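Listed here are the chains, written in short residue letters.
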Amino acid sequence: IFSHFVDKHGVLLYDLLSKYKKSDELFVINGTVHTDIRGEIKRIVEKSENAVVVVSYGAFGMGESVTRIHNIVKATAYKGRVETLQSLGRGTRRDTGDKQLCNIWDFADDLRGDQKAFVNYGIRHLKERMKIYYEAKLPVKQIKVLLDG
């Protein structure tokens, strides 16, 4: 799960996930996590079938390689081409096993309601990321979820 603000949003995600995941398969990595600890987490992830890592883009920036990623959840609204391509690259790396697929879950919210003339940066940034997905010839499936309440 990629997030720009791990200390704010990522910790909340971690707390929610910890209700459903075993603690030895759930990790948070941000800029304060020492590189030795990051390395150990990466080794665990490479061997695990079910590990979840809540990570900041800065902490898993260029040069970091984890091949056993089957799902990427983008829990942040950004439009940066480099960040988008880096996260795609993480998921498309082949592991030594039978990995054939990586799902990318890219969330955006449209909280405008009836105010459709209002500029919604989350949707605008999603459109920019979608252009990158299409340029990369990735199969894309959009699902609209209506929240009640």
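As the structure is a prediction and not an experimental result, all values here were calculated from the model.

Asks: Break down the environment of Leu-26 for me, with residues and values.
Replies: Structurally, Leu-26 can be placed in strand E2 (residues 26-29). Sequence separation between Leu-26 and Val-54 is 28 residues, and the spatial gap between their C-alpha atoms is 8.0 Å. For Leu-26, the contacting residues outside a window of four places in its chain are Tyr-14, Leu-17, Ser-18, Lys-21 and Val-52.

Asks: Account for helix H2 (residues 35-47), with residues named and values stated.
Replies: When the terminal C-alpha atoms of H2 are compared, their 19 Å separation across 13 residues agrees well with the 18 Å that a helix rising 1.5 Å per residue should span. The inward-facing, buried residues of H2 contact E2 and strand E3 (52-56).

Asks: An account of the pattern of salt bridges is requested, with residue identities and associated values reported.
Replies: Throughout the structure, instances matching the rule amount to 4 salt bridges. Notably, a salt bridge pairs Arg-129 with Asp-106, separated by 2.7 Å at the nearest N-O pair. Of this pair, Arg-129 sits in helix H4 (residues 121-135) while Asp-106 sits in strand E5 (residues 103-106), and the two are 23 residues apart along the sequence. The class for Arg-129 is buried, based on a relative accessible area of 0%.

Asks: Any chance you could break down the side chain of Asp-106 for me, citing the residues and the numbers?
Replies: Engagement of the side chain of Asp-106 in a polar contact is seen with the side chain of Arg-129, the distance being 2.7 Å. A distance of 2.5 Å separates a polar atom in the side chain of Asp-106 from a polar atom in the side chain of Tyr-133. Not counting residues up to four positions away in its chain, the partners in contact with Asp-106 are Lys-74, Leu-126, Arg-129 and Tyr-133.

Asks: Can you tell me about the pairing of strand E4 (residues 71-74), naming the residues and giving the values?
Replies: With burial as the criterion, only one face of E4 is covered, namely that bearing Ile-72 and Lys-74; the residues Asn-71 and Val-73 on the opposite face remain uncovered. In terms of strand pairing, E4 meets E5 through 4 bridges, oriented parallel. When the bridges of E5 are listed, Lys-74 appears paired with Asp-106.

Asks: Can you tell me about H4, naming the residues and giving the values?
Replies: Helix length check: H4, at 15 residues, gives a terminal C-alpha distance of 21 Å against a target of 21 Å (1.5 Å per residue), a fit within 8%. Within H4 the residues assigned to the buried category are Gly-122, Ile-123, His-125, Leu-126, Arg-129, Met-130, Ile-132 and Tyr-133. Across the axial projection of H4, the buried residues extend over an arc of 165°, all falling on one side. The outward face of H4, more than 90 degrees from its buried face, is lined by the exposed residues Tyr-121, Lys-127 and Glu-135. Between the side-chain oxygen of the N-cap and the backbone nitrogen of Gly-122 there are 2.9 Å, and the N-cap of H4 in question is Asn-120. Two residues or fewer after H4 comes Lys-137, characterised by a positive phi angle close to 60°.

Procedures and definitions
Residues numbered from 1 in each chain as written. Predicted model: local features only at pLDDT ≥ 70, side-chain atom pairs only at ≥ 80, totals over all residues. Heavy atoms only, no water. Helix = DSSP H or I, 4+ residues; strand = E, 2+ residues; numbered from the N terminus. Contact = heavy atoms within 4.5 Å. Expected span 1.5 Å × (residues − 1). Salt bridge = Lys/Arg side-chain N within 4 Å of Asp/Glu carboxyl O. Buried < 20%, exposed > 50% of the residue type's maximum accessible area, 1.4 Å probe, protein only. Polar contact = N/O pair within 3.5 Å; in protein donor to acceptor, adjacent residues only side chain to side chain. Pairing = 2+ DSSP bridges. Arc of directions from axis to C-beta.

Taken by themselves, the reported measurements are silent on function.
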